[in-house]
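# Fold and contact review
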Amino acid sequence: MKIIVLGAGAWGSAVAMSAAQHPAGHAVTLWARDTAQAQQMRSQGRNARYLPDIAFPPSLTLADGDFAALLPGADLVIVATPMAALRGMLVSLRGCTAPVAWLCKGFEAVAPGADVQGFGLLAHEVQALVAPDLIAGVFSGPSFAQEVALGQPTALVAASSHAAVRDALVAAFHSKSVRVYANEDIVGVEVGGAVKNVLAIATGLCDGLALGLNARAALITRGLAEMTRLGLALGARPDTFMGLSGLGDLVLTATGDLSRNRRVGMLMAQGHSLAQAVESLGHVAEGVYSARTVVQRAQALGVDMPIAQAAVALLDGEVQPAEAVAQLMGRGPRDEI
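Just so you know, the residues in each chain are numbered from 1, in the order the chain's sequence is written. Reporting of local features is limited, given that this is a predicted model, to residues whose pLDDT is at least 70; pairs of side-chain atoms are given and counted only at 80 or more, and all residues count toward the totals for whole chains, interfaces and linings. Based on all heavy atoms of the structure, the side-chain values leave hydrogens and waters out of the count.

### Section: the overall build of the protein
Just so we agree on the cut-off: Counting from the N terminus, the helices are the DSSP runs of H or I reaching at least four residues and the strands are the DSSP runs of E reaching at least two. The quantity called the radius of gyration is restricted to C-alpha atoms. Its globule counterpart is 2.2 Å times the number of residues to the power 0.38. Under the scheme applied here, a residue whose accessible area is under 20% of the maximum for its type counts as buried, over 50% as exposed, and between as partly exposed, the area being computed with a 1.4 Å probe on protein chains only. Any two residues whose heavy atoms approach within 4.5 Å at even a single point are treated as in contact.
Across its full length, the protein carries 14 helices and twelve strands. Over its C-alpha atoms the protein spans a radius of gyration of 19 Å, differing by no more than 12% from the 20 Å that the globule rule assigns to 337 residues. For the protein, the spread of C-alpha atoms along the three principal axes comes to 60 × 40 × 40 Å. Counting over 337 residues, the protein shows a buried share of 55%. For the protein, long-range pairs separated by at least 24 residues make up 70% of all intrachain contacts whose partners lie at least 6 apart in sequence.

### Quick word on the nonpolar core
Filter applied, for reference: Buried residues of nine kinds, namely Ala, Val, Leu, Ile, Met, Phe, Trp, Tyr and Cys, make up a nonpolar core once their side-chain atoms join them within 4.5 Å.
One finds Val-77, Leu-93, Trp-102, Leu-230 and Val-264 to be the most contacted residues of the largest nonpolar core, which totals 78 residues. Per-element accounting of this core gives the leading share, twelve residues, to helix 7 (residues 186–208). When near neighbours in sequence (up to four residues on either side) are disregarded, Val-77 contacts Ile-4, Leu-6, Leu-71, Leu-93, Cys-96, Ala-98, Pro-99, Val-100 and Ala-101. With 40 residues, the next largest nonpolar core counts Leu-30, Ala-38, Val-148 and Val-180 among its residues.

### Focus: the pattern of salt bridges
In plain terms, the rule: Put simply, a salt bridge is a Lys or Arg side-chain nitrogen that is within 4 Å of an Asp or Glu carboxyl oxygen.
Evaluation of the coordinates by the stated rule reveals eleven salt bridges. Of the charged contacts in the structure, one is a salt bridge between Asp-249 and Lys-105, with a shortest N-O distance of 2.7 Å. Taken together, the positions of Asp-249 in helix 9 (residues 244–255) and Lys-105 in the loop between strand 7 (100–102) and strand 8 (108–109) put the pair 144 residues apart, joining distant regions of the chain. For Lys-105, a relative accessible area of 13% corresponds to the buried category.

### Details of the packing of aromatic side chains
We count it as follows: Stacked, tilted and edge-to-face are the three classes assigned to paired rings of Phe, Tyr and Trp, where Trp is represented by its six-membered ring and a pair needs centres within 6.5 Å; plane angles under 30 degrees give stacked, over 60 edge-to-face, the rest tilted.
Scanning all chains against the criterion turns up two aromatic pairs. Pairing Trp-31 with Phe-67 gives two aromatic rings, centres 5.1 Å apart and planes at 75°, and the pair type is edge-to-face. Taken as a pair, Trp-31 in strand 2 (residues 27–31) and Phe-67 in the loop between strand 5 (61–63) and strand 6 (76–79) lie far apart in primary sequence, 36 residues in all. Across the pair, exposure class does not vary: Trp-31 and Phe-67 are buried alike.

### Considerations on the side chain of Thr-203
You can see Thr-203 is positioned in helix 7. The contact partners of Thr-203, leaving out residues within four places of it in the chain, are Arg-216, Leu-219, Ile-220 and Ala-254.

### Quick word on empty space enclosed by the protein
To be explicit about the condition: The definitions used throughout rest on a 1 Å grid laid over the protein atoms alone, on which a cavity is an enclosed set of points accommodating a 1.4 Å probe that cannot get out and a pocket is an open set flanked by protein within 12 Å on both sides along at least five of seven lines; lining residues are those having an atom within 4 Å of a point. Grid points are joined across faces, edges and corners, and a volume is the space filled by probe spheres set on the points. The residue classification treats Ala, Val, Leu, Ile, Met, Phe, Trp, Tyr, Cys and Pro as nonpolar and Asp, Glu, Lys and Arg as charged. All others, Gly included, are polar.
The final tally for this structure, using the stated rule, is one cavity of 30 Å³ or more. In this structure, the largest cavity encloses a volume near 60 Å³. Every residue along the wall of the largest cavity is listed here: Met-83, Cys-104, Lys-105, Gly-106, Ala-123, Val-138, Ser-140, Val-189, Glu-190, Gly-193 and Ala-194. Going through the elements one at a time, strand 10 (136–140) and helix 7 are the ones with two or more residues in the lining of the largest cavity. Looking at which element gives the most residues to the lining of the largest cavity, the answer is helix 7, with four residues. Here the residues of the lining of the largest cavity sort into six nonpolar, three polar and two charged.

### Brief notes about helix 3 (residues 83–92)
Basically, it comes down to this: Starting at the helix axis, one direction is taken to each C-beta atom, and the arc is that of these directions.
Met-83, Leu-86, Met-89 and Leu-90 are the residues of helix 3 that are buried. Viewed along the axis of helix 3, the buried residues span an arc of 100°, placing them on a single side of the element.

### With respect to the pairing of strand 4 (residues 51–55)
Threshold: A pair of strands is considered paired only if DSSP assigns at least 2 bridges between the two.
As paired elements, strand 3 (residues 46–47) and strand 4 share two bridges and run antiparallel to each other. Across the sheet, residue Asn-47 finds its bridge partner in strand 4, namely Leu-51. In this structure, the hairpin formed by strand 3 and strand 4 is closed by a connection of three residues.

### Quick word on the layout of surface pockets
When its volume is computed, the largest pocket comes out at roughly 1,200 Å³. Around the largest pocket, the lining is made up of 46 residues, and of these Ala-10, Trp-11, Arg-260, His-283 and Val-284 lie nearest the centre. Only helix 1 (10–20), strand 4, helix 5 (145–149), helix 7, helix 9, helix 10 (260–269) and helix 11 (274–281) provide two or more residues apiece to the lining of the largest pocket. Per-element accounting of the lining of the largest pocket gives the leading share, four residues, to strand 4. For the lining of the largest pocket, the residue count by class is 22 nonpolar, 15 polar and nine charged.

### Topic: the packing of helix 10 against helix 11
Put simply, the rule reads: All axes are obtained by fitting lines to C-alpha atoms, using only the stretch in contact for helices, and the reported angles, taken between N-to-C directions, cover 0 to 180 degrees. Angular relationships are summarised with four words: roughly parallel below 35 degrees, roughly antiparallel beyond 145, roughly perpendicular across 65 to 115, and oblique for the angles in between. Take the far helix as the reference: if the near one is turned anticlockwise from it by less than a right angle, the crossing is left-handed, and if turned clockwise, right-handed.
Where helix 10 meets helix 11, the closest approach of the two axes is 9 Å, and the angle between their N-to-C directions is 140°. One element, helix 10, and the other, helix 11, form an angle in the oblique class. The way helix 10 lies across helix 11 gives a crossing that is right-handed. Along the contact surface, helix 10 presents Arg-260, Arg-263, Val-264, Leu-267 and Met-268, while helix 11 presents Leu-274, Ala-277, Ser-280 and Leu-281. Partitioning the contact of helix 10 with helix 11 into residue classes produces six nonpolar, one polar and two charged.

### Some thoughts on the state of the cysteines
The following threshold applies: In what follows, a disulfide is any cysteine sulfur pair within 2.5 Å.
Within this structure, the stated rule accounts for zero disulfides. In this structure Cys-104 is not part of a disulfide, and its nearest cysteine sulfur, from Cys-96, lies 16 Å away.

These values are about where atoms sit, not about what they do.
Below you can see the structure in the form of structure tokens.
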């Protein structure tokens, strides 16, 4: 297969490295927006900024400049940008006939005049607005870029309403180290990928305050309930949230030491400001940027998400870390639903 990966961050680089080492012998090109970064990667044979200790496989091709020249003959195009850049990339891909899949997780601020609840858009909703003719989907699931780049065992989800997209992702990545499961429920997979980042901030807050494993388990479990409620309101299937992109991704992001979103919560619990926490990461923590739209979208649908709301209040500086936890624990009793 000829595979083009657009975006040379940590996750884009890891995915490109994984595909380039596939036993089928795929021809993989990793495109970087920044020409200086591309030149550095060529000279060093690795992504020094995001995955400094992992060498690129010799078969991986690096590119920069106008990526349109790379698209003819492609069997699969992967968009590996943050959520904020997805809209522009999809506009640039109009007319692409190859299956397209994005890696980003979160909600985008809705464009003026768009009729999608007036608050936030999932990636497939952005695509439906700006590039409806693309055959597209999402590649998601519980995965840290570093482990994928190292070839450690990982299971991912290829979600799309188009069989061609699901089949292309399975053919590109399914191997001894990566299992790829196909799923038609793109709404559920994207909701899971978006909400788990917000919940991981709350769980990091819990860990940073040393509140214990009981508190962490409670936050993860009740967070899963919040994620499921929002997903069902948006038309997702309930079983999706018990799978890789729901429970699986939530557990990984809320407990893993490599989780950027969890790290934000931990740093804020230790007295760092949001700006200081984000700056120290050196990477994008999508939960910081999508938390407000998650809550706004939920409120527009009448969905109760108290943990996500507490995370937003913390990020906006409306409450201190201990106050956020006190608000959650101080809520009145209710049935577990």
